[in-house]
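Chain residues, written in single-letter form:
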Amino acid sequence: MTQMDQILDQGRLEALVGRVLGDLGGAMSVPLVRMGDALGLYAALKEIGPATVEDLAQATGCHARYVREWLSAQAASGYITSEGDRFRLTPEQAFVFAEPDSPVALIGAFDTAAAMVENQAKVQAAFKTGQGVAWGDQAGCLFCAVARLFRPGYVNALVQEWLPALDGVVDRLEAGAKVADVGCGHGLSTILMAQAFPSSEFIGIDFHLGSIAAATAHAQAHEVKNVRFEVGRAQDFPHRNLDLVTCFDCLHDMGDPEAAAAHIRQALKPDGTWMVVEPAAGDRLEENLNPVGRLYYSASTMICVPTSLAQETGLALGAQAGRERLKEVIRSGGFTRVREAARTPLNMVLEAT
């Protein structure tokens, strides 16, 4: 027995290597999944499967040799199912890869992972300087990826579960309320609310000009009349007498979320409500050592913390700040009542009044 054998626990080593190999397989699947989406391979397989390589190549206008290798890799990953010389998507696989309105549609997560890899050089340099990487300087179309990542949750829960969980808010929205969606990004959350409550007025606010342009175009394409979008910051947007302010997955990205909380309190009516949707997290590290925490800590290292550090104050809460830390920030702005109104595997919904 060598000295190394005495130091190493072979069982733990083999388990770790097995996990890393699995992770590497997943990492190498990122471009394949994105190509499968962009080339319509998943959509076509859902439509025509079980299908041969030649069937799928013809349906998508792709070269059969590439399609064969792609199908083999997807089958090895368990993302599609092989049956002899034919391939298909099970209903569960289609729910993840081929149904954009599914609550577990995850193509956007692969897009986000690709943007994180592309942004490595900038974040790596920031590790040495302590400076941030501004949201507008992130590599690739991170904004598109993040919008797509969070869209399924908003489509399936925002109007159906999250807003009804707030005290009296739906009644106000139905009667006609004034709402600001702060940190709206591409405006998916804002537009969903505007479509559901046509008697209310919605204003989407974001500090990123490109995202506001995309949100405006989206609203125009869907002919949503009771919504508008404008560039602004959470700590000094101009609107007052609001019935509801919403912040979806963005409070932890802000440089000075405490200043934002104080400004939002002033912008609301005395009996107004602030809905804060944030990534699901426990208050201690050990509570977040799980698959969801792993994803969020990784994204936070590459996206959320650099974004916050690039802004004034740079509090850098991180995507796994936890409910109690978030409550501290919210209360610092003058809110006296903060409660968790709803929760999903990926998000928690806080109501502040």
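In case you missed it, the structure is sitting above this.
Keep in mind the model is a prediction, meaning the values are calculated, not measured.

### Remarks on the overall build of the protein chain
Here is step 1: Of regular secondary structure, the protein chain possesses 15 helices and nine strands.
Here is step 2: In summary, the protein chain has a C-alpha radius of gyration of 22 Å against a globular reference of 20 Å for 353 residues, a match within 12%.
Here is step 3: Along the first, second and third principal axes, the C-alpha atoms of the protein chain reach 65 × 60 × 35 Å.
Here is step 4: Residue burial in the protein chain is summarised as follows: out of 353 residues, 47% are buried.
Here is step 5: By sequence separation, contacts in the protein chain at least 24 residues apart represent 68% of the contacts at least 6 residues apart.
Here is step 6: Surface summary for the protein chain: the accessible area is close to 17000 Å², and the carbon and sulfur share equals 56%.
Here is step 7: Taken as two groups, the 29 positive and 42 negative side-chain charges of the protein chain have centres that lie 2 Å from each other.

### Notes on a nonpolar patch on the surface
Here is step 1: On the surface, Ile-7, Leu-8, Leu-13, Leu-16, Val-17, Val-20, Leu-21, Leu-24 and Met-28 cluster together into a nonpolar patch covering about 820 Å² of accessible area.
Here is step 2: Broken down by element, the residue count for the nonpolar patch peaks at seven residues, all from helix 2 (residues 10-38).
Here is step 3: Examined against the element boundaries, Ile-7 turns out to sit in helix 1 (residues 3-7).

### Points about the state of the cysteines
Here is step 1: Enumeration over the complete set of coordinates arrives at one disulfide.
Here is step 2: Each disulfide pairs two cysteine sulfurs, and for Cys-141 the partner residue is Cys-144, the sulfurs being separated by 1.7 Å. On the S-S bond that ties Cys-141 to Cys-144, the torsion sits near 50°, and the link is right-handed.
Here is step 3: Note on Cys-141: relative accessible area 39%, which makes it partly exposed.
Here is step 4: In this structure Cys-250 is not part of a disulfide, and its nearest cysteine sulfur, from Cys-247, lies 4.3 Å away.

### Some words on the sheet that holds strand 4 (residues 201-206)
Backbone hydrogen bonds hold the strands of a sheet together, and the pairing may be parallel or antiparallel.
Here is step 1: Taken together, seven strands build an open sheet; the order of strands is 5-4-3-6-7-9-8 and the sheet is mixed. Either end of the sheet is taken by a strand with one partner, and the two such strands are strand 5 (227-231) and strand 8 (338-343). On average, each strand axis in the sheet is tilted by 20° relative to the strand beside it, whichever way the strands run.
Here is step 2: Here helix 13 (residues 257-267) sits on the sheet and contacts strand 6 (242-248) and strand 7 (268-279); the angle it forms with strand 7, its principal contact strand, is near 145°.

### Thoughts on the nonpolar core
The tendency in soluble globular proteins is for nonpolar side chains to be buried side by side.
Here is step 1: Judged by nonpolar contacts, the single largest core of 46 residues is most densely connected at Trp-162, Leu-163, Leu-173, Phe-202, Phe-229, Phe-248 and Met-275.
Here is step 2: Looking at this core, the element that brings in the most residues is helix 9 (residues 142-162), giving eight residues.
Here is step 3: The next biggest cluster of nonpolar side chains, apart from the first, holds 29 residues, and it includes Ile-264, Trp-274, Ala-321 and Val-338.

### Looking at the packing of aromatic side chains
Here is step 1: With the rule as written, the count across this model stands at ten aromatic pairs.
Here is step 2: Both rings, one in Trp-274 and one in Phe-335, keep their centres 5.2 Å apart while their planes meet at 40°; by these two values the pair is tilted. With Trp-274 in strand 7 and Phe-335 in the loop between helix 15 (323-332) and strand 8, this pair connects stretches of sequence that are 61 residues apart. The pair formed by Trp-274 and Phe-335 is uniform in burial state, with each residue classed as buried.
Here is step 3: By the ring-pair criterion, three or more aromatic residues cluster together here, those being Tyr-42, Trp-70, Tyr-79, Phe-97 and Phe-110.

### A look at the side chain of Gln-138
Here is step 1: In this structure, Gln-138 sits in the loop between helix 8 (120-129) and helix 9.
Here is step 2: The exposure class assigned to Gln-138 is buried, which follows from its relative accessible area of 7%.
Here is step 3: Excluding residues within four positions of it along the chain, Gln-138 makes contact with Asn-119, Val-133, Met-302, Ile-303, Pro-306 and Thr-307.

### Examining the pattern of salt bridges
Here is step 1: According to the stated counting rule, one finds 29 salt bridges in the structure shown.
Here is step 2: Among the salt bridges present, the one from Asp-37 reaches Arg-148, with a minimum N-O distance of 2.9 Å. Within this pair, whereas Asp-37 is found in helix 2, its partner Arg-148 is found in helix 9, the two being separated by 111 residues in sequence.
Here is step 3: The partly exposed category is assigned to Arg-148, whose relative accessible area is 32%.
Here is step 4: When salt bridges that share partners are traced, they join Arg-323, Glu-324, Lys-327, Glu-340 and Arg-343 into one network.

### Things to note about the pairing of strand 8
Here is step 1: In terms of strand pairing, strand 8 meets strand 9 (residues 347-352) through five bridges, oriented antiparallel. Note that in strand 9 the partner of Val-338 across the bridge is Ala-352.
Here is step 2: The loop that links strand 8 with its antiparallel partner strand 9 comprises three residues.

### A few points about the pairing of strand 5
Here is step 1: Strand direction decides the pairing type here: strand 4 and strand 5, joined by five bridges, are parallel. The partner of Phe-202 across the bridge, within strand 5, is Val-227.
Here is step 2: Taken together, strand 4, helix 12 (residues 209-221) and strand 5 constitute a β-α-β crossover, and its handedness is right-handed.

### With respect to the environment of Val-117
Here is step 1: Here Val-117 is to be found in helix 7 (residues 107-118).
Here is step 2: Sequence spacing of Val-117 and Glu-324 is 207 residues, and the spatial spacing of their C-alpha atoms is 31 Å.

### Comments concerning the side chain of Thr-273
Here is step 1: Examined against the element boundaries, Thr-273 turns out to sit in strand 7.
Here is step 2: Take Thr-273: its relative accessible area is 5%, and that puts it in the buried class.
Here is step 3: Dropping the residues within four chain positions of it, Thr-273 is found in contact with Leu-166, Val-169, Asp-243, Leu-244, Val-245, Leu-268, Glu-351, Ala-352 and Thr-353.

Cut-offs and rules
Residues numbered from 1 in each chain as written. Predicted model: local features only at pLDDT ≥ 70, side-chain atom pairs only at ≥ 80, totals over all residues. Heavy atoms only, no water. Helix = DSSP H or I, 4+ residues; strand = E, 2+ residues; numbered from the N terminus. Rg over C-alpha atoms; globule rule 2.2 N^0.38 Å. Buried < 20%, exposed > 50% of the residue type's maximum accessible area, 1.4 Å probe, protein only. Contact = heavy atoms within 4.5 Å. Areas by Shrake-Rupley, 256 points an atom, 1.4 Å probe, with all protein chains shown as cover. Lys, Arg positive; Asp, Glu negative; His and termini not counted. Charge placed at Lys NZ, Arg CZ, Asp CG, Glu CD. Patch = residues over 30% accessible without salt bridge, like charges linked within 9 Å, V, L, I, M, F, W, Y side chains within 5 Å. Salt bridge = Lys/Arg side-chain N within 4 Å of Asp/Glu carboxyl O. Disulfide = S-S within 2.5 Å. Pairing = 2+ DSSP bridges. Axes fitted to C-alpha atoms, helices over the stretch in contact; angles between N-to-C directions. Core = buried A, V, L, I, M, F, W, Y, C linked by side-chain atoms within 4.5 Å. Phe/Tyr/Trp six-rings, centres within 6.5 Å; stacked < 30°, edge-to-face > 60°. Right-handed = clockwise from strand over helix to strand, strands pointing away.

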